[in-house]
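# Coordinate inspection notes
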Amino acid sequence: MRRFLKRLVTPPLAVIAALLVLLEETLIAWLQGLMAAFARLPWVAALEARISRLPPYPAMILFLLPAIVLFPIKLAAVWMIAQGKFLLGGGIIMVGKVVGTAVAARIYKLLHPTLSTLQWFVRAEAWVFAWRDWLYAFVKALPAWQMATAFLHRVRRLVAHPGWLSRRFAAMRRRARRSA
């Protein structure tokens, strides 16, 4: 029975994991660019300069702050979903995830040199990244991941080709004229 359940549950969970990894990689790359552009504002650059000079334990508090602030907001969103307000609750969770990821990643980048002076942080960071790397390697070895990335590469090649969009519109106009 256990083997049957594993065969039944593994493929959909693998596809979901592959989609989440792809979304996370895309989201992190996009958010890093957005936060770097935001950091070029003079007042943000001045704030980041002050943040990067924090001692280790205040830096740790600041590093944990986005999670602490977003936790009650996410609980409220789950409560809204439980009350039947699925779109509002789901939207709040998604916006919270995006904003929290962007802010936490930027704070991590700013505070990493300071936080690396704490030995327990270095050990915890190594453990988290080893676990993440193992999970990513597992997901990227799945056939669903490989098919999805091959499909995305084909789509990117098509879209990146000069004139691709104008040829598509011209073909659609020709078809519309013939059918009219």
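This one's a predicted model, so the numbers in the text were calculated from it and none came from an experiment. (Residues numbered from 1 in each chain as written. Predicted model: local features only at pLDDT ≥ 70, side-chain atom pairs only at ≥ 80, totals over all residues. Heavy atoms only, no water.)

### Side note on the pattern of salt bridges
- Under the counting rule described, the total for this entry stands at two salt bridges.
- Put simply, Arg106 and Glu48 hold a salt bridge, and the shortest N to O gap is 2.9 Å. With Arg106 in helix 4 (residues 86-115) and Glu48 in helix 2 (residues 42-52), this residue pair connects regions lying 58 residues apart in the sequence.
- Exposure remark for Glu48: the relative accessible area of 13% places this residue in the buried category.
- In this structure, Arg132 and Asp133 form a salt bridge, with 2.8 Å as the shortest nitrogen-oxygen distance. (Salt bridge = Lys/Arg side-chain N within 4 Å of Asp/Glu carboxyl O. Helix = DSSP H or I, 4+ residues; strand = E, 2+ residues; numbered from the N terminus. Buried < 20%, exposed > 50% of the residue type's maximum accessible area, 1.4 Å probe, protein only.)

### What about the packing of aromatic side chains?
- What the rule picks out here adds up to six aromatic pairs.
- With a centroid separation of 6.1 Å and an interplanar angle of 85 degrees, the aromatic rings of Phe63 and Phe121 are classed as edge-to-face. With Phe63 in helix 3 (residues 56-82) and Phe121 in helix 5 (residues 119-140), this pair connects stretches of sequence that are 58 residues apart.
- Between the aromatic rings of Trp134 and Phe138, the centroid separation amounts to 5.9 Å while the plane-to-plane angle is 15 degrees, which identifies the pairing as stacked. Of the two residues, Trp134 and Phe138 are both situated in helix 5; the distance of four residues between them amounts to about one turn of the helix.
- Overall, Trp134 belongs to the exposed group, its relative accessible area being 54%.
- Overall, the relative accessible area of 43% leaves Phe138 in the partly exposed class.
- An aromatic cluster is present here, built from Phe63, Tyr108, Trp120, Phe121 and Phe129 joined pairwise through their rings.
- The ring of Tyr136 has Arg132 sitting right over it, with the charged end atom 5.7 Å from the ring centre. (Phe/Tyr/Trp six-rings, centres within 6.5 Å; stacked < 30°, edge-to-face > 60°. Lys NZ or Arg CZ within 6 Å of the ring centre and 35° of its normal.)

### Structural notes on the packing of helix 1 (residues 2-39) against helix 5
- Between helix 1 and helix 5, whose axes approach to 9 Å, the crossing angle comes to 120 degrees. Put simply, helix 1 runs oblique to helix 5. Note that helix 1 runs across helix 5; the crossing there is left-handed. Contacts between helix 1 and helix 5 pair Ala17, Ala18, Val21, Glu24 and Glu25 from the former with Tyr136, Val139 and Lys140 from the latter.
- Classifying every residue of the contact of helix 1 with helix 5 by side-chain character gives five nonpolar, no polar and three charged. (Axes fitted to C-alpha atoms, helices over the stretch in contact; angles between N-to-C directions. Parallel < 35°, antiparallel > 145°, perpendicular 65-115°, else oblique. Left-handed = near helix turned anticlockwise from the far one by under 90°. Contact = heavy atoms within 4.5 Å. Nonpolar A, V, L, I, M, F, W, Y, C, P; charged D, E, K, R; others polar.)

### A few points about the nonpolar core
- Counting residues in each nonpolar core, the largest one holds ten residues, listed as Ile51, Ala59, Met60, Leu62, Ile107, Leu110, Leu111, Leu115, Leu118 and Phe121.
- Counting residues per element, the ones that place at least two in this core are helix 3 and helix 4.
- Among the elements that line this core, the one with the most residues is helix 4, at four residues.
- Apart from residues lying up to four places away in sequence, Phe121 is in contact with Met60, Phe63, Tyr108, His112, Leu115 and Ser116.
- Core analysis: the second largest hydrophobic core is formed by five residues, Ala18, Tyr136, Val139 and Trp145 among them. (Core = buried A, V, L, I, M, F, W, Y, C linked by side-chain atoms within 4.5 Å.)

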